[in-house]
Each structure stands twice: as C-alpha cells, then as structure tokens.
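Structural overview for review
Here is what each chain is made of, one letter per residue.
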Amino acid sequence: MESASTRDTIRKAIVYVILIIMAFIMLVPFAWMILTALKTNQEAISVDPFYIFPHNGWHWETFGEVWKSYNFVLLYKNTLLMILFRVICACLTATMAGYAFGRLNFPGRKFLFSLVLIQMMIPSTIFIIPQYLMVSSLGWLNTTAGLVFPGIVTAFGTYLLKTGYQGLPKDLEEAAGIDGCNIGQKFLLIMMPLTRSSMVSLGIFTALFAFKDLMWPMIVCSSVQTTTLAAGLAKAQGQYGSNYPQMMAAAVLAVVPMIVIYVIFQKQFVEGIATSGGKL
Amino acid sequence: MKEKKKMTPREKNEAIWGLAFVAPTMIGLIVLNFYPAINTVYQSFCKTGDFGKGNTFVGLANYSKAFADPEIWQSLINTVKYAIIEVPLGVVIALLLAVFLNGKIKGVSIFRTIFFLPMVCAPAAVAMVWKWLYNQQFGLFNNILHTNIAWISDPKIAWISVGVIGVWSIIGYNMVLFISGLKEIPGDYYEAASIDGATGINQFFNITVPLLSPTTFFIVQTRVIGALTIFDLMFMVMDKTNAALPKVQSTVYVFYKYTFDQGNKGYGAAIVMILVAFIMVVTVIMQRAEKRFVFYN
Amino acid sequence: MKMKKVMALALAGVMALSIAACGGGSSASTSSGSGSADAGSADAGSAASGALTINIWDANQQAGIQEICNDWTALGNPEVKVEVIDWDNYWTLLEAGASGGQLADVFWMHSDYAQIYMENDILLDLTDYIAKDGVDMSIYYPDIAAIYTRSDGKIFALPKDHDTIALLYNKALFDQAGVAYPTDEWSYQDMYEAAKAITEGTPDDVYGYALNTSNDQDGWYNYIYSYGGNVVNTEKTDTALDSAESKAAMEQVRLMLTVATPQAIVAESGTDSLFQSGKVAMITQGSWMINSFYTAENSKDYAWAEIPYFDRNGDGACQKDERWTCYNGLGWAAAANTANPDAAASLIEYLCSKDAQIKQAQLGVTMAGIPGISEDFANAFEGMDVSAFTKVEENGTLYARPGTRNSGKWQTPMKQAGYFLDAWQAPENPQAMSDACDKVAKLIRDCIAEEQ
C-alpha cells in the first residue's frame, strides 16, 4: 500500500498545483486592473523600464477622479434600480405562471406552455430592434422603465418555477382545499413560500444577467445620467481612451460592487446558478 | 361524435385562476417577444428611412444583398470559430476543475470564489483589461514575455485571443454547474469501481462522464447559443480601425453596425434572421445528438 | 372568491404602475441636486422647471462650456446641465433619440450630419428667433454658418467655433536624434526627411511620425488638398480622390507611412497615447486637442508648428494656396421638439454671442466661430505657443471638412479593411495606395448616388 499512498500524494500535489496555477491565471487580469489604476499615465505606458508595480507611490486619487467625473453614483443607482425591478417583475410573473402551469388545469395549458418553451430557444437578438422602437415610442428612452422593459416577463423563469412547483407533494393542495382555502389563498399562503429556493435561484440568475447586459442599456440610455455600469463603462473607453489608469480605475469601480455582493452571498449565488442549471 | 364536456364549477374556477395567473407572462411574452420577432421578420423585408420614418417594402432585397455579402459570411465563420474555442475549452477545463474541487481539497470555497469571479464582472470591464493586457506596445504579455506579438491586431491570431477571453470568463460558470452535477452522482458507483480495481482515469471516463452527460449537454447547448450570439467582447476589444476586425467580428456585431451605426434597420433585421436560422439548425442538430449521447437515468 | 382573482389582476396592475412610476421617478431623481431635470425624459414636469440639458462629445470642453452656461443662467435664465457622450456613440444615440422623439434640448451639430438632420426637421428652426432678437449673422465665418443653413434659407444652428490643424512635435526626441525642429517653412518633403532621420536615429520602437486611417481631418485630408485634390467637391456631387493630384498626395502619405509607427500599433494605442509616451516625435492635431497636451506630464517638451505645405509651383516658398488646413465648425442646435424652445434659442444665441465666444476662447476651449478672436485663444495657454493654429489662417487656405448628406456611410468604411486600411498595412507598396484611392472614390460616389 506504500506505493498507492505515494501515488495518492503525488496526485494530490498535481491537483493542487494545477488549481493554484489556474487560480493565478484567473486573478492576473484583476491584479493588473488594480495595479494599472494605481500608476500614473506615464508609468502605465512606460515600456523601458516596464513597471509591474506603481513606481512613484500608489495613486489612489485616480479612483476619486474617475468616480466624480464619470458619475459613478448615478451608474450604480441606475444599475441597481434596473436589477431590482427586473428581479421583482421576473419573480412575480414567473411564480404566478409557474404555479398555474405546474399545478392548475386550464384550457390551452399545453399550447401556452409550448410558447414558453419556444421563446427560450429563440436568440434574444431578434427582439432588439422592435423592442427598441416600442420603448422609444412609449417615451421610455433614458428611463429605468426602458431598461427594465425586456425583463418584465421571463420564459426561463416560468419554466424554472413550473418545475419547482411540480416537485412539491400533490397532497398539499388537497389538504388546504379541505380547509376552505380558494386557489389564490392556496397559492399565496402555501405553495409560493415553498418554492423559495427556486425563486432565489431565479432572482440571482436574473440579477446577474441584467447586470452584465451591454447592448440594451447602451442603445436605450444614451445619457450618462441614466445608463448602467456596463454601458457607462463602454462609453468611458471612448472618453478616456488614452488615459489608461483612469480607464482601469473606471473598470475597477464597475466590478467591485458585484464582487463584494458575490463574496458575501456566495452560497446563494452558487446554489442559485447550480439549481437553475440543474433543473433543466 | 365528440362529446362536449361541460366543466364543473370547480374546474371552471381552476381554469379562471390558471388563465389569470399565466396572463401576465403570456401577454408579456407575446408583446415583448413574439410580436417583436414577427416584426423583425417584417422589417427584414423593408428598407428603413431616415430616423425610422417611412419603411418601404422591398421584398427579398435585403436577403439577397446579405447572402451576396462576403462580410456576412465571414462574420458567421468568425462566430463559429469563436464558438469552437470557447465551448470545448470552456467545458473541458471547467469539468477538470470541477472534478478536482469535488475531491477532498482544502480551501474549496476559496478556489470556487476565485474561479467564479470573472462571471460577476461586467463584460465591458473584462474586455477593457484584456485589451490592455494584449496591447502590443504597452501590454503586460508582450513586456513580460519579451515578444512583439500583435495579439489582437494580427488577423491570423486575433480570433484566438478573443476566444481566450471568452474561455476565461465562462470557466467559473460552467464549473459551478458541473460541481452540482457531480454531487448528484452517488458515491457507491465509485466505491464499487474502486473495489473492482478501476483507476481514477477509468472511473472518470466510465462513470463520471456518462452520468454527467445531462449536465454537460445542458452546458454545451447554452454555451453554443451564447457563443453564437457574442457581441460584447468584439465590440469592446477591437478598435474600428483594427486590421483584424473583419476576421473577428461576430454576426451580432455586424448586426449592431448596420442597425444602429448606419441606421439600416431593414438590413440589420435580415442579418439577424440569417443568424437565427443558423442557430435553429444548430439547435436541431444538438437535439439529435442529445438522443444519441446523453445518458438519462 | 372573485376577489382573489381581482387581487391577482391588481397585482399585475400595480406592477405596471410601479414601472411607469419608476420611469418618471427615476428621471426626476437622476437629476443632480441643483434641480435640473433630464429634459430627455418624457416627463412633462421638466417643462415646468425649465432646466435645459446640453449634449456634447468632447470632455475637454465640458468645464468651459458649463461655466459659460452658468453665466447665462445668472442672467435670470433656467439652469443648464452639460453632458458628455463620447464621439463614437454620439451620433448613434442622437439618431436613436431623434427616432424616438427624445433629444437633449441643445446639442452640438456637426457638418457631417447637419444636412440629414436639417432635412428631416429634427432641429429647431432658429430663423425667426434670429430675426426677432437681431442676431447679426455676418459676424460669423460664412462657410460655417452656411453648413447650418438649409437649402431653403432657414437657419438651424449657430456657429460655435472653428478649428484648424497644426503640427505637434516633441523637442526631446528631436534633440535625441539630432534633427532640427520644424519651422513654419517646412514642406511635406521636409517633414518626411525629419521623420526618417528620427526613426532611424532613435531606438527601435520610437518613430518620427504616426498616422492612422482614422486621422483624416487632422491628418491625410490636408495632404490631399495641399496637392490640389479633394475628398468631396464643394457642390457635394463628386470626389476627386482618384485624380492625379490626390494620388500624388496619398503617395506622399505612403512615403510617410514607411517611416511611421506601424498601423497595428497605432490602431491599438492611438496617436495621442503614442506621442505622450514618447514613442512618436510628430503628429498633426487639431486645435480642440491642445488642452490635452497642455496639461500632459511632459508638456514642456511639446511645441506646435504650422502644418506643412506642398510646393506645387516649385518655387521653394509657400504660397497661400499651397498650405491647406481642414477647418470645421460645430454648431449649436436645438431639438425641434424641445419643451423649452424659447429658452433653448436664447441659450444658443448667448453661446454664440461675441462675449461668450471671447470667453470660450479665453478659457482655451476652442477657437471662436467669429473671426478676429484668435488672440484671446492664443493667450489661453500660457507657456505654450499655439500661434501655429491662428497663423495658418493668414498663411494658408482653409477648406471646410468634406461631407455629404450622410457622411457616416462612407467615412467609417473608408478607414477599414477593403479600403485605406489595406494601403496602411502595406506602406512599401505604392500600388496598394493607388488602388485604395480608387476604391474609396468609388465608395464615395456610390454613397452620393444613394443619397439622391
């Protein structure tokens, strides 16, 4: 057994080494983002000598400059509002529809659900132009409503919740029915609370993808007052194009909030993504 | 003769509730998705006027122009090339990492956090820092390796560089899905295999891979569609005067260019329709593959 | 029983309401504390508060313009908020706003796009305001005023500024290579020789000159006109890009490219970055960029010379018609559907009034849309001699930036693969440049034909 355990140790060592190398590779861009932000522009574009670390002090003030001149408070707020409303809308509509598809019987149920499935298979690029024209004629350009618009309902969420509801024991409803609850009460008081984990999954999934959406906020919110982090950053590249520390500082400021939230709510995130994927 | 079944009051009640509950979602889907899809199809047959005023029906003109346009075909090739890098590498590396992290490793949650980090970052930020890393003059790579490679300006390799960014971003996400899939495989299988003398690698290919195939298939399917509709990376990483742009730009990028930069919504719509048709074909092929390769318990 | 169904519907209704409410609410709350509302929103409340929004694309000018607007506000007018949208996205998003009927109150208009905006009645007609308020149109540069006058004589924007091009050079690099500094008597050939000497006399990654296909107005356009060609003729009906003169000019550009920074590098980093990092000794730039170099870390090494000329008649001296610089003038325009047409028109007239123009020049924002204010501008940059920009107006000829009704259709592609980019990538090959000229000429002609 001696050789087996040595083999084991070697195997374990290899695994650790690979993991550490991969972790390093994952982190290099982040580290470089921060290091560049802390340099002066001259240092950042200096090639000979080439600076990995800032040479003349760490210029934290660049963050302050970019924060102000690019109105990060507004960017954060707009992004937050958009995510919040999208999550609320998605969860509300999806849980109602999911319950109905999963537990109720009504005419057209199969047909309507197949529509839901079809929507999930269509790439979203096909919706953009008309959605844009609709938002624009509603006068919702440059508003939170415009940002939220495409995310008000979610076929994916409906599917997710339907599966969640289907997984609940059949007897529950009948038990409640005996006690004199109608369908609405049953839904609100008993069934919905039981799908909490699916809802959390959906919420996280929605929030994450809303946060990262680039094209929609870019075309709907041209004004930097109303746009989101993702689009605002894309515009910053046009504006600060040649000042690399400032651009990197802007990038850092754009990713930090989500990273912080992620680190705190790690468990929910991972579970959320896993269950949303696993259910399908 | 078909008997018309009358609904009991109770069934009627349920039906009303059911319809009311699905109404918001269905109305939403129709207004936000189905109607726009049909509208886009219609637009693809039109020539748009200035500022969206006045659409003139032109039949198949947009399509014939698109089919004859080498730029569109090249962009499809570029998009497929990107998918060829992102999907397999993203899946294989993530699977490997997931298997490692599924074993008894110290610091699992730290590793998991680190690997997932790229996923929570706005693609714009990711693109910006990678563009800077790849910069021929001032970037980290060329200066550390003492090379002078035009990572994103050389048409021959730019597409690979962009693909790498895609892989880097998606590994964490795939990995998390794999981990949850792995957890569902009962440990007994492995124990039994060990007793029978199967090596780790044997176990991997004969137990893990087949039992993981539903998860793998799900990941592959979503990533293929995700890769075929990629836009952000190319938009942010490639400057408009970048010589490699024609060999890297994705079809969605071209769509954006014609629709929003040049205001030619009709042509843009036609481009989208072509892409959608392509994706549908790929989806069907994948569904067939699912029947052959995926092992459901 | 029915009540629960009503509740479900009410839930849906509340959702819809809350979205509409947050649409209006967010526009009010995205305004900064000074109470100016985003006039771009559909919220009619902004008309009551009367604050105005301005869109521009040059962050360098934001502070100066905001100051001038504050002066206008102090005269008893509504508040003004100046917003910057970068050039790459400005027109896409302006068009989006125009299609959706939502624009900022006041914004910059550019010669490339003026025609299409005027023809589609997107801009506020200022003619009556001008007549009523007695604005003297004769004080402006006539060419610039003409850009913003529609074919039926109505005026849709007032000239905001004008700009010229000059040659920026890095004294330290010239010293390092032992080359004499540029003078106002330099020809393009002199520039080539200096660039060559510097490229050869400095380390491998330092070049004497840098130019990208996208440096048109500030770069290769000027060669073409100095040599006697044009990009678009004044009637906007044709191009002479494939004429012998234009091709001779582009051949000179090609020569410069053989001693200039490779295009791939310039595309990734931009001429300005390369210059500021000490990798390039000379670039040509426009007067709107002065501030960026004035405030740079190594600005004491930077100096400006007049843009070179081409000695057409071979007499060894520069005649006025041998030195050409592109000049462009932006215009201040208002949205036709702004909630505050009177205030918008008043603001525009103020911004383009002689006093505000002088202040704009003094703040070093840009050169005025009114002739005769150049000295104020020159004095704005203490320690840096920017007279090259104003001297060229006496020593050279100004030509308006070439454009057609929908310039975007050819201006972007001509800089990319399949057109000039191919020639830039193969500077040793004269045929490539000549072919590119032919292709771009065809592109422009096709676009002009489409516009009819």
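Since we're looking at a predicted model, the values are computed, not measured. (Residues numbered from 1 in each chain as written. Chains lettered and ligands numbered in written order. Predicted model: local features only at pLDDT ≥ 70, side-chain atom pairs only at ≥ 80, totals over all residues.)

Once that is clear, we can look at the overall build of chain B. Scanning chain B from N- to C-terminus turns up 12 helices and 2 strands. Overall, chain B shows an N-to-C arrangement of helices and strands of α-β-β-α-α-α-α-α-α-α-α-α-α-α. The C-alpha atoms of chain B give 24 Å as radius of gyration, which overshoots the globular expectation for 297 residues (19 Å, by more than 25%). Taken over the C-alpha atoms alone, chain B extends approximately 80 × 75 × 30 Å along its principal axes. (Helix = DSSP H or I, 4+ residues; strand = E, 2+ residues; numbered from the N terminus. Rg over C-alpha atoms; globule rule 2.2 N^0.38 Å.)

Paired through their backbone hydrogen bonds, the strands of a sheet run either parallel or antiparallel. All names here are of chain C. Here we have 5 strands laid out as an open sheet, ordered 2-1-3-11-4, and mixed in their pairing. Looking at strand neighbours, the two that pair on one side only are strand 2 (80-84) and strand 4 (157-159), the edges of this open sheet. The mean inter-strand angle of the sheet, taken between neighbouring strand axes irrespective of direction, is 25°. As paired elements, strand 1 (residues 52-56) and strand 3 (residues 106-109) share 2 bridges and run parallel to each other. (Pairing = 2+ DSSP bridges. Axes fitted to C-alpha atoms, helices over the stretch in contact; angles between N-to-C directions.)

Opposite the 71 residues of chain B that make contact, chain A presents 77 residues. Looking at the side of chain B that touches chain A element by element, the count peaks at 21 residues for helix 1 (residues 9-43) of chain B. Its residues assigned to classes, the side of chain B that touches chain A comprises 49 nonpolar, 18 polar and 4 charged. (Contact = placed C-beta atoms within 7 Å. Nonpolar A, V, L, I, M, F, W, Y, C, P; charged D, E, K, R; others polar.)

Residue and element names in this part refer to chain C. An ideal rise of 1.5 Å per residue puts 18 Å on 13 residues; helix 3 (residues 62-74) measures up with 18 Å between its terminal C-alpha atoms. Within helix 3, burial applies to G64, I65, I68, C69 and W72. An end-on view of helix 3 places all buried positions within 135° of arc, on one side of the element. What points out from helix 3, more than 90 degrees from its buried face, is the exposed set N70 and A74. Against the buried residues of helix 3 lie strand 1, strand 2, helix 15 (341-351) and helix 16 (354-362). G76 sits one or two positions beyond helix 3 and adopts a positive phi of about 100°. (Expected span 1.5 Å × (residues − 1). Buried ≥ 20, exposed ≤ 12 C-beta atoms within 10 Å, placed from the backbone. Arc of directions from axis to C-beta.)

Here we come to the interface of chain C and chain B. A common way to report how large an interface is uses the accessible area buried once the components associate. Counting from both sides, the interface comprises 29 residues of chain C and, opposite them, 26 residues of chain B. Taken together, the elements giving at least two residues each to the side of chain C that touches chain B come down to helix 1 (2-29), helix 4 (87-100), helix 12 (263-269), helix 19 (408-411) and helix 20 (420-425) of chain C. Ranked by residues supplied to the side of chain C that touches chain B, first place goes to helix 12 of chain C with 6 residues. Among the residues making up the side of chain C that touches chain B, the classes are represented as 11 nonpolar, 12 polar and 6 charged.

So, on to the pairing of strand 10 (residues 324-327) of chain C. Residue and element names in this part refer to chain C. Side chains W324 and C326 of strand 10 all project onto a buried face; the interleaved residues T325 and Y327 project onto the opposite face, where all are buried too. Pairing geometry for strand 10 and strand 13 (residues 397-400), over 4 bridges, is parallel. The residue bridging C326 from the neighbouring strand is Y399, located in strand 13.

Moving on to the sheet that holds strand 8 (residues 280-286) of chain C. Residue and element names in this part refer to chain C. What the 4 strands build is an open sheet, ordered 7-8-6-9; its pairing is mixed. Looking along the sheet, the strands with just one partner apiece sit at the ends: strand 7 (207-209) and strand 9 (302-306). Across the sheet, the mean angle from the axis of one strand to that of its neighbour is 30°, orientation sign disregarded. The pairing of strand 6 (residues 165-170) with strand 9 spans 5 bridges and is classified as antiparallel. By the bridge assignment, L167 is partnered in strand 9 with A305. Sheet strands touched by helix 9 (residues 188-201): strand 7 and strand 8. Its angle to strand 7, the strand with the most contacts, is close to 160°. In this fold helix 10 (residues 216-226) packs onto strand 6 and strand 8, with an angle of close to 95° to the strand it touches most, strand 8.

Residues and elements named next belong to chain B. Split by domain assignment, chain B resolves into domain 1 (9-57) and domain 2 (69-293). Here the C-alpha centroids of domain 1 and domain 2 sit 32 Å apart. Of all the elements in the fold, those that place two or more residues in the side of domain 1 that touches domain 2 are helix 1 and strand 1 (46-47). In terms of residues, the side of domain 1 that touches domain 2 owes the most to one element, helix 1, which gives 3 residues. Classifying every residue of the side of domain 1 that touches domain 2 gives 2 nonpolar, 4 polar and 1 charged. (Domains from an automatic or database assignment.)

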